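# Results of the structural survey
Below, each chain spelled out in residue letters.
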Amino acid sequence: MIPPFTARSYDFAEWIPARNYIGGEWQDSATGNWMPIENPRHGKAMSKVCLSDARDVAAAVDACKAAQKGWALVPLKERAQVMFRLKQLMERDLEELAWLVSHENGKVIEEARASVMKGIECVEFGASLPNAKAGEQMDVSRGVNCSETHEPLGVVAGITPFNFPIMVPLWMLPQALVGGNAFILKPSEQVPLGAIKLAQLLEEAGLPRGVFAIVNGAADAVNAICDHEDIKAVGFVGSTKIARHVYARASASGKQALCLGGAKNHLMVVPDADVKLTAENVVASFTGCSGQRCMAASVLLAIGDVQPIIDRIAESAGKLQVGKDLGPIINKASEERILGFINDAEARGAKILLDGRQKRGDDGGYWVGPTIIDGATTAIPAAKDEIFGPVLTIVRVKNLDDAIAIENANPYGNAACVYTTSGAVADYVTERVEAGMVGVNIGVPVPREPFGFGGWNHSKFGHGNITGMDGFRFWTRPRKITVKWALQKDQNWMN
Ligand code: NAD
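The structure presented is a predicted model; accordingly, all values stated were derived computationally and were not measured. (Residues numbered from 1 in each chain as written. Predicted model: local features only at pLDDT ≥ 70, side-chain atom pairs only at ≥ 80, totals over all residues. Heavy atoms only, no water.)

## Concerning helix H14 (residues 423-432)
Our working definition: Exposure is judged per residue with a 1.4 Å probe applied to protein chains only, and the accessible area is read against the type maximum: over 50% gives exposed, under 20% gives buried, and values in between give partly exposed. Comment: elements are numbered from the N terminus, with helices defined as DSSP H or I runs of at least four residues and strands as E runs of at least two. Arc definition: directions from the helix axis to the C-beta atoms. Any two residues whose heavy atoms approach within 4.5 Å are treated as being in contact.
Those residues of H14 not exposed but buried are Val 425, Ala 426 and Val 429. With its buried residues spanning 100 degrees around the axis, H14 presents them on a single face. Away from its buried face by more than 90 degrees, H14 exposes Ala 424 and Glu 431. Its buried side turned inward, H14 meets strand E12 (265-269), helix H13 (400-409), strand E18 (415-419) and strand E19 (437-440).

Here it is in structure tokens:
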């Protein structure tokens, strides 16, 4: 029995340990090892998570294989009904889910709520799959019909990062489950609690026991998933270093893999941009979720004289209060990494236009306030590397082509954005930037369903998007069926 998470404020609250969920049963890992789960706002453990190895992965695969046989025989329309019910249950429990996300990840409650709602949108897409699937058949010649079905792969797995404990697993689960697979989730060991609620709600929504499993842990569990021959596909979301590792290791054992990595998103601001809209949007982009988003603004390429816009950005970011408008940083090591980028930029001669280094919340924990580094060169780490904190680095450039050249020279390709009131400028940038997701006057250009989410270059290894129809294609395999029932009287070479 999973007790409800009852906290409805930021006050410190403990919750149950994150155990493995295999064959519909909660169990400890074979290793007997545990790790604390810290509430980053308070900097103290609210629970603990078990650390699994290959033995736990093997047990989950065995249970999933047994359960998947029956699940694959359930018609697609019926499988999708589980997503209808999951959507309703998540809406019913929205506050509980949001507060749980806020406590384990640190997001302020409005952001936590929004992340759960985005997860619900992904579930809604899963519920719509029967409609998208209708009618994929054609009479290809007289008396001959071709159709295509999407068959389950079997047992598949998803490995997720710390920054969206409920939303990112839901980028994968709906398509994979409606596709008839059994799904093993390996959540981030830093935020494994949201997955417990997902398991509980999937059970309540009528998903047969064993079709969904959770294996908790870190590198050992991930590597065992990559190596297990009976796991047929792996979806991964996390840093570029680990995305590359998982892509190579999972591919080596014959799996299909789609691995989303890190980012360094560039925003281009031209002098004709709307001052208010641009300033508000840039601030929301680089401070939202304390900058711990793969879609967050990281570098602002200031083209020509856009000083009034920069002044406005600094003014409104300076008014944000840590603890209330901005949540904490996930852990001590991340806090130190972010401060290191700011200190290094200052030491190299950049100006700290807005300094968040001394900002702290009231309850302990790990914090960095909104920070703006101005006058950076493209050579300094703050302008090149992923910071993953509420830090905006401004690089001043002469013209749009110089800005596009800087954007395109960075190895990542998740998101890029242009702020302008000119359609021609918007088109010029959109057609030239090396980014899978482009925003025009939108600093977090996350495609809403049914448009798929996925970057380019070092922000993604593998083909296609992780959400939308690409996700369904990734988690299934197409079968083409060609049928003829009678000899044709009017035969020609095509028969
Ligand atoms: P991470 O790469 O450290 O961890 C992601 C997953 O990999 C976790 O489940 C973790 O247990 C596992 N892992 C960590 N080290 C491992 C190792 N040595 N071997 C095998 N597995 C390992 O990422 P994170 O810190 O949890 O999340 C932040 C990163 O995720 C940022 O780089 C961010 O840009 C990225 N991210 C990308 C997207 C996207 O859509 N492209 C979305 C969200 C987050």
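Back to the write-up after that little detour.
## Quick notes on unusual backbone geometry
Following Glu 449, the chain continues to Pro 450 via a peptide bond in cis, the omega torsion being 10 degrees. Locating Pro 450 in the fold gives a position in the loop between E19 and strand E20 (456-457). Phi is positive for Ser 290, which is not a glycine, with a value near 55 degrees. Looking at the secondary structure, you find Ser 290 in the loop between helix H9 (275-287) and strand E13 (297-303).

## Things to note about the sheet that holds strand E15 (residues 371-374)
In plain terms, the rule: Pairing between two strands requires that DSSP report at least two bridges joining them. Angles run from 0 to 180 degrees between N-to-C directions of axes, and those axes are lines fitted to C-alpha atoms, restricted for helices to the stretch in contact.
Taken in spatial order, the seven strands of this open sheet run E14-E15-E16-E13-E12-E18-E19, and their pairing is mixed. Of all strands in the sheet, those with a lone pairing partner are strand E14 (351-354) and E19, marking the two edges. For this sheet, the mean inter-axis angle between neighbouring strands, taken without regard to orientation, is 25 degrees. Sheet topology places E15 next to strand E16 (residues 391-397); three bridges connect them, and they run parallel. Across the sheet, the residue bridging to Thr 371 is Val 391, located in E16. On top of the sheet, helix H10 (residues 307-318) reaches E12, E13, E14, E15 and E16; it is set at about 65 degrees to E14, its chief contact.

## Details of the pattern of salt bridges
Note the cut-off: A pair is scored as a salt bridge if a Lys or Arg side-chain nitrogen falls within 4 Å of a carboxyl oxygen belonging to Asp or Glu.
In this structure the tally under the stated criterion is 28 salt bridges. Notably, a salt bridge pairs Arg 209 with Glu 25, separated by 2.7 Å at the nearest N-O pair. Of the two residues, Arg 209 sits in the loop between helix H6 (193-204) and strand E9 (212-214) while Glu 25 sits in strand E2 (residues 25-27), which places them 184 residues apart along the sequence. Exposure remark for Glu 25: the relative accessible area of 43% places this residue in the partly exposed category. For the salt bridge of Asp 344 with Arg 348, the shortest nitrogen-to-oxygen distance reads 2.8 Å. For Asp 344, a relative accessible area of 24% corresponds to the partly exposed category. For Arg 348, a relative accessible area of 52% puts it in the exposed group. When salt bridges with common partners are traced through the structure, they connect Arg 92, Asp 93, Glu 96, Lys 197 and Glu 204 into a single cluster.

## Quick notes on the site of the ligand
To be explicit about the condition: Residue proximity to a molecule or strand is established when one non-hydrogen atom of the residue lies within 4 Å of it. In protein, a polar contact means a hydrogen-donor-capable atom and an acceptor-capable atom, both N or O and within 3.5 Å, with residues adjacent in sequence counting only if both atoms are side-chain atoms; elsewhere, any N or O pair within 3.5 Å suffices. Exposure was quantified through the Shrake-Rupley algorithm and a 1.4 Å probe, taking into account, for residues, occlusion by the shown protein chains and nothing else. Basically, the charged four are Asp, Glu, Lys and Arg, the nonpolar ten are Ala, Val, Leu, Ile, Met, Phe, Trp, Tyr, Cys and Pro, and anything else, Gly included, counts as polar.
Around the ligand sit 26 residues, and of these Lys 186, Glu 189, Ser 239, Gly 261 and Glu 386 come closest. Here Phe 162 contributes a backbone N or O atom positioned 3.0 Å from an oxygen atom of the ligand. Measuring from a nitrogen atom of the ligand, one finds a backbone N or O atom of Gly 261 at 2.7 Å. Relative to its unbound accessible area of 840 Å², the ligand is 85% covered by the protein chains. When residues of the shell around the ligand are traced back to their parent elements, those giving at least two are helix H7 (219-227) and strand E10 (231-237). The class makeup of the residues in the shell around the ligand is 15 nonpolar, eight polar and three charged.

## Quick word on the domain arrangement of the protein chain
Interface extent is often summarised as the accessible area lost during association of the parts. Inclusion rule: An automatic or database domain assignment provides the domain bounds reported here. When two components associate, each loses some accessible surface as probed by a 1.4 Å sphere; the sum of these losses over both components is called the buried area.
Looking at the assigned domains, one finds that the protein chain contains domain 1 (20-261 + 459-479) and domain 2 (265-440). Of note, the centres of domain 1 and domain 2, computed from C-alpha atoms alone, are 31 Å apart. At the junction of the two partners, domain 1 supplies 18 residues and domain 2 supplies 23 residues. With both chains or domains summed, domain 1 and domain 2 bury close to 1700 Å², and 53% of this area falls on carbon and sulfur atoms. Summed over the shared surface of domain 1 and domain 2, the result is eight residue pairs in polar contact (both at pLDDT 80 or more). Here the residues of the side of domain 1 that touches domain 2 are counted per class, giving five nonpolar, eight polar and five charged.

## Topic: the pairing of strand E4 (residues 44-50)
With six bridges connecting them, strand E3 (residues 34-39) and E4 associate as antiparallel partners. For Pro 36, the partnering residue across the bridge sits in E4 and is Lys 48. With antiparallel pairing between neighbouring strands as the criterion, E3 and E4 make up a hairpin whose turn holds four residues, including Gly 43 at a positive phi of roughly 65 degrees.

## Section: the sheet that holds strand E6 (residues 144-152)
Within the open sheet, the three strands sit side by side as E5-E6-E22. Their pairing is antiparallel. Single-partner strands in this sheet number two, and they are strand E5 (137-141) and strand E22 (476-484). The average angle at which neighbouring strand axes cross in this sheet is 30 degrees, direction not considered. Bridge count between E5 and E6: four bridges; the pairing is antiparallel. Across the sheet, residue Gln 137 finds its bridge partner in E6, namely Ser 147.

## Some thoughts on the packing of helix H2 (residues 76-92) against helix H5 (residues 169-178)
Formally: Note on angle classes: values under 35 degrees are labelled roughly parallel, values over 145 roughly antiparallel, values of 65 to 115 roughly perpendicular, and the remainder oblique.
Closest axis-to-axis distance for the H2/H5 pair is 8 Å, and the angle between their directions is 150 degrees. What the angle tells us is that H2 and H5 run roughly antiparallel. Residues Leu 76, Arg 79, Ala 80, Met 83 and Met 90 of H2 form the contact with H5, whose own contacting residues are Leu 170, Pro 174, Leu 177 and Val 178. Here the residues of the contact of H2 with H5 are counted per class, giving eight nonpolar, no polar and one charged.

## A word on the packing of helix H3 (residues 94-105) against H6
Two numbers describe how H3 lies on H6: the axes approach to 9 Å, and their chain directions differ by 155 degrees. With respect to their mutual orientation, H3 and H6 come out roughly antiparallel. Residue-level inspection shows Glu 96, Leu 97, Leu 100 and Glu 104 of H3 in contact with H6, the latter providing Leu 193, Gly 194, Lys 197 and Leu 201. Residue classes in the contact of H3 with H6 are distributed as four nonpolar, one polar and three charged.

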